[in-house]
Amino acid sequence: MTPGQAIALQRTAGNSAVRQAVGENGGTGLKTPWAARTSSKRTQDDVGIERGESPPQQQQRVDKEQQATRTTRSGRAGTSVKGKEKAEEPEEIGNPTLQFTSRYVGARTQTLAGSQEIGFEQDATLRRADGMTTPAADAYDFWQEVTDENRQIAPSAVNYRPKTTKRGWVVDGPFRPPYNTDDGTIVNAADHITFNDSPGFSGSMRMTNGYWLCSYEVRFRWKVRRKLGGRFTKNEPFWTSDEMVHRVDSTFDPQNPDAPAQITATAAGNRTWSVALPN
């Protein structure tokens, strides 16, 4: 699968489909727990540029009964104008709450000839401020970022020598606006948005015969801002959470390669943040 095909599949079907496709076609190379952007071309989304629209040549007349609303940086959901009547006071966009829970759901031992699922489950829920009626998806831009590092032995390794792979911070797949709920990884309710994620080596990407995961560390963080409107970008201003870290270690004995070994896994745990939105 080419990087372009992986990106297209990720956009339409989510991370799980990409992991499955990569797992079926990955050969004996290192296994990849999640699909990061691999294209070298810098897109507008990478550099944080928002696509604008050319202004109309002349102002269109607005029907007396039509209302125009817009989203502003001031934290107000919109401004309604009806004829010459006084504009209604828009709802103030208050500070939301972000709750994170996680757990390890993988195997407890590893064997070189086995087939182990080594992964985590986690949920990140952004809940709108108390008393608000504006839907959370209309009030906030909420997105997830991830980075990871792993050491693993592949079937092609010489003398069971592990290889280290590192990847920098990227926006994590579908966990960003617009909040696509088609594959079940995102819950978009009136009062909250939840990201349901399963990072690690599981499903089609599990550690199968000939592979050994020596260590794995994956870090997550979340960013929130009042909704800017229009196309999503990574522009400031935004609030950033602390980093949450999952880690796995399993010692391989090259003198006794058939022996099983314990998997030591530490989930990131649970946290709740009171988000302080920047102006």
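Residues numbered from 1 in each chain as written. Predicted model: local features only at pLDDT ≥ 70, side-chain atom pairs only at ≥ 80, totals over all residues. Heavy atoms only, no water.

### A short note on the overall build of the protein chain
Thought 1: Assigned secondary structure in the protein chain consists of four helices and 14 strands.
Thought 2: Counting only residues that meet the buried cut, the protein chain has 41% of its 279 residues in that class.
Thought 3: About 15,400 Å² of surface is accessible on the protein chain, with carbon and sulfur atoms providing 44% of the total. (Helix = DSSP H or I, 4+ residues; strand = E, 2+ residues; numbered from the N terminus. Buried < 20%, exposed > 50% of the residue type's maximum accessible area, 1.4 Å probe, protein only. Areas by Shrake-Rupley, 256 points an atom, 1.4 Å probe, with all protein chains shown as cover.)

### With respect to the side chain of Thr185
Thought 1: Its location among the elements puts Thr185 in the loop between strand S5 (163-171) and strand S6 (186-188).
Thought 2: Taking relative accessible area as the criterion, Thr185 reaches 18% and is therefore assigned buried.
Thought 3: Here the side chain of Thr185 touches Asp183 through a polar contact of 2.8 Å, side chain to side chain.
Thought 4: Those residues in contact with Thr185 that sit more than four places away from it in its chain are Pro174, Phe175, Thr194, Phe195 and Asn196. (Polar contact = N/O pair within 3.5 Å; in protein donor to acceptor, adjacent residues only side chain to side chain. Contact = heavy atoms within 4.5 Å.)

### What to know about the packing of aromatic side chains
Thought 1: Within the structure shown, the criterion is met by 12 aromatic pairs.
Thought 2: Summarising the aromatic geometry, the rings of Tyr160 and Phe252 are spaced 5.1 Å apart at their centres and angled 50° between planes, so their arrangement reads as tilted. Of the two residues, Tyr160 is situated in the loop between strand S4 (140-153) and S5 and Phe252 in the loop between strand S11 (244-249) and strand S12 (261-262); the sequence distance between them amounts to 92 residues.
Thought 3: According to the relative accessible area criterion, Tyr160 is partly exposed, its value standing at 34%.
Thought 4: Looking at Phe252, the relative accessible area reads 12%, which means it is buried.
Thought 5: Relative to Tyr216, the ring of Phe201 lies with its centre 5.0 Å away and its plane at 80°, an arrangement referred to as edge-to-face. Here Phe201 is found in strand S8 (residues 200-201), whereas its partner Tyr216 is found in strand S9 (residues 212-226), with 15 residues between them in sequence.
Thought 6: Ring-pair connections join several aromatic residues into one group, and the members of that group are Phe100, Phe220, Trp222, Trp239 and Trp273.
Thought 7: The ring of Tyr211 carries Lys31 above its face, with NZ or CZ at 4.4 Å from the centroid.
Thought 8: Its end group placed over the ring of Trp169, Arg221 keeps NZ or CZ at 3.9 Å from the ring centre. (Phe/Tyr/Trp six-rings, centres within 6.5 Å; stacked < 30°, edge-to-face > 60°. Lys NZ or Arg CZ within 6 Å of the ring centre and 35° of its normal.)

### Re the side chain of Lys227
Thought 1: With respect to the helices and strands, Lys227 occurs in the loop between S9 and strand S10 (239-240).
Thought 2: With relative accessibility at 19%, the residue Lys227 sits in the buried group.
Thought 3: In this structure the side chain of Lys227 is engaged in a polar contact, spanning 3.4 Å, whose partner is the backbone oxygen of Ala137.
Thought 4: Separated by 3.0 Å, the side chains of Lys227 and Asp141 make a polar contact.

### A short note on the pattern of salt bridges
Thought 1: Inspection of the entire model under this criterion finds 13 salt bridges.
Thought 2: The salt bridge involving Arg103 is made with Asp123; its shortest N-O contact spans 2.7 Å. One end of the pair, Arg103, is in strand S1 (residues 97-104); the other, Asp123, is in strand S3 (residues 118-127), and 20 residues separate them in sequence.
Thought 3: Exposure remark for Arg103: the relative accessible area of 30% places this residue in the partly exposed category. (Salt bridge = Lys/Arg side-chain N within 4 Å of Asp/Glu carboxyl O.)

### Description of unusual backbone geometry
Thought 1: Each neighbour pair has its own omega, and for Pro177 with Pro178 the value is -10°, a cis peptide bond.
Thought 2: For Pro178, the location among the structural elements is in the loop between S5 and S6.
Thought 3: For the bond from Glu236 to Pro237, the omega torsion is 5°, close enough to zero to count as cis.
Thought 4: One non-glycine residue, Asn159, adopts positive backbone phi at about 55°.
Thought 5: Inspection of the secondary structure puts Asn159 in the loop between S4 and S5.
Thought 6: For Asn159, a relative accessible area of 64% puts it in the exposed group.
Thought 7: Of note in the backbone geometry, Tyr160 takes a positive phi value of approximately 55° without being a glycine.

### Some words on the confidence of the model for the protein chain
Low pLDDT marks regions whose predicted coordinates should not be analysed in detail.
Thought 1: Residue-level pLDDT values for the protein chain average 81, and 71% of them are 70 or greater.
Thought 2: Low confidence marks residues 16-26, where pLDDT is under 50. Its contacts with residues over four positions away, or in another chain, come to 16 contacts.
Thought 3: Of the regions scoring below 50 in pLDDT, residues 36-74 engages in 56 contacts with residues more than four places distant in sequence or in other chains. (pLDDT = per-residue confidence, 0-100.)

### A word on the environment of Glu145
Thought 1: Mapped onto the elements of the fold, Glu145 is located in strand S4.
Thought 2: Sequence separation between Glu145 and Val170 is 25 residues; the distance between their C-alpha atoms is 5.4 Å.
Thought 3: Sequence-distant contacts of Glu145, defined by excluding residues within four places in its chain, comprise Trp169, Val170, Val171, Asp172, Arg219, Phe220, Arg221 and Lys223.
Thought 4: Within the structure, Glu145 has its side chain in polar contact with the side chain of Trp143 (distance 3.3 Å).
Thought 5: Here the side chain of Glu145 touches Lys223 through a polar contact of 3.4 Å, side chain to side chain.

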